[in-house]
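Fold and geometry: a report
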Amino acid sequence: ARAAAAAEMARVVKPGGVVCWVDSVQRGDRPALDANLGNFQYLNEPHYPTYIAEDVGRLFVDAGLRPHEKHVSSTSKCLSFIKPEAPLIEVKA
């Protein structure tokens, strides 16, 4: 589902446009919290253990977007990506 969501965002954003993903931090974003991140699954988040281990940024890159910025604040993370401009088409006369 995450890969499908990233692919759909990449599909609908115009060339040169920005896609932003905001969610909770994952393992490695705030190393001091890594040992306890998995406990969040017990607060009605059954998919959290797989989320904290997944390379979410890679999902967007695989969908054709270029990484732009990453910001981590408290327990949230924002990733932004840019859709490359449409390639120039060479017209042969």
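Residues numbered from 1 in each chain as written. Predicted model: local features only at pLDDT ≥ 70, side-chain atom pairs only at ≥ 80, totals over all residues. Heavy atoms only, no water.

Summed over all chains, the structure comprises 5 salt bridges. Between Arg 11 and Glu 8 there is a salt bridge; the shortest N-O distance is 2.8 Å. Residue Arg 11 and its partner Glu 8 are both found in helix 1 (residues 2-12); the two are separated by 3 residues, about one turn of the helix. Between Lys 70 and Asp 29 there is a salt bridge, with its nearest N and O atoms 2.7 Å apart. Here Lys 70 is found in strand 2 (residues 66-73), whereas its partner Asp 29 is found in the loop between strand 1 (18-24) and helix 2 (48-53), with 41 residues between them in sequence. We classify Asp 29 as buried; its relative accessible area is 15%. Where salt bridges share partners, they join Asp 29, Lys 70 and Lys 77 into one cluster. (Salt bridge = Lys/Arg side-chain N within 4 Å of Asp/Glu carboxyl O. Helix = DSSP H or I, 4+ residues; strand = E, 2+ residues; numbered from the N terminus. Buried < 20%, exposed > 50% of the residue type's maximum accessible area, 1.4 Å probe, protein only.)

Looking at the protein chain as a whole, the pLDDT averages 91, with 94% of positions reaching at least 70. Mean pLDDT values for the elements of the protein chain range from 90 in helix 2 up to 97 in helix 3 (residues 56-62). (pLDDT = per-residue confidence, 0-100.)

Tracing the backbone through its elements, the reader meets Val 56 in helix 3. Val 56 gets classed as buried once you look at its relative accessible area, which sits at 1%. Sequence separation of Val 56 and Ala 6 is 50 residues, and the distance between their C-alpha atoms is 8.7 Å. Once residues within four sequence positions are removed from consideration, Val 56 is found in contact with Trp 21, Gln 26, Tyr 51 and Leu 79. (Contact = heavy atoms within 4.5 Å.)

What follows covers the side chain of Lys 77. Within the element layout of this structure, Lys 77 appears in strand 3 (residues 76-82). In this structure the side chain of Lys 77 is engaged in a polar contact, spanning 2.9 Å, whose partner is the side chain of Asp 29. If we ignore the near neighbours within four places in the chain, the residues touching Lys 77 are Trp 21, Val 22, Asp 23, Ser 24, Val 25, Gln 26, Asp 29, Tyr 51, Lys 70, His 71 and Val 72. (Polar contact = N/O pair within 3.5 Å; in protein donor to acceptor, adjacent residues only side chain to side chain.)

This part covers the sheet that holds strand 2. Strand order in this open sheet of 3 strands is 1-3-2, and the pairing throughout is antiparallel. Each having just a single partner strand, strand 1 and strand 2 make up the two edges of the open sheet. Neighbour-to-neighbour, the strand axes of this sheet turn through a mean angle of 15°, independent of strand direction. Bridging between strand 1 and strand 3 involves 7 bridges; their strand directions are antiparallel. Residue pairing for strand 3: Val 22 is matched across the bridge by Cys 78. (Pairing = 2+ DSSP bridges. Axes fitted to C-alpha atoms, helices over the stretch in contact; angles between N-to-C directions.)

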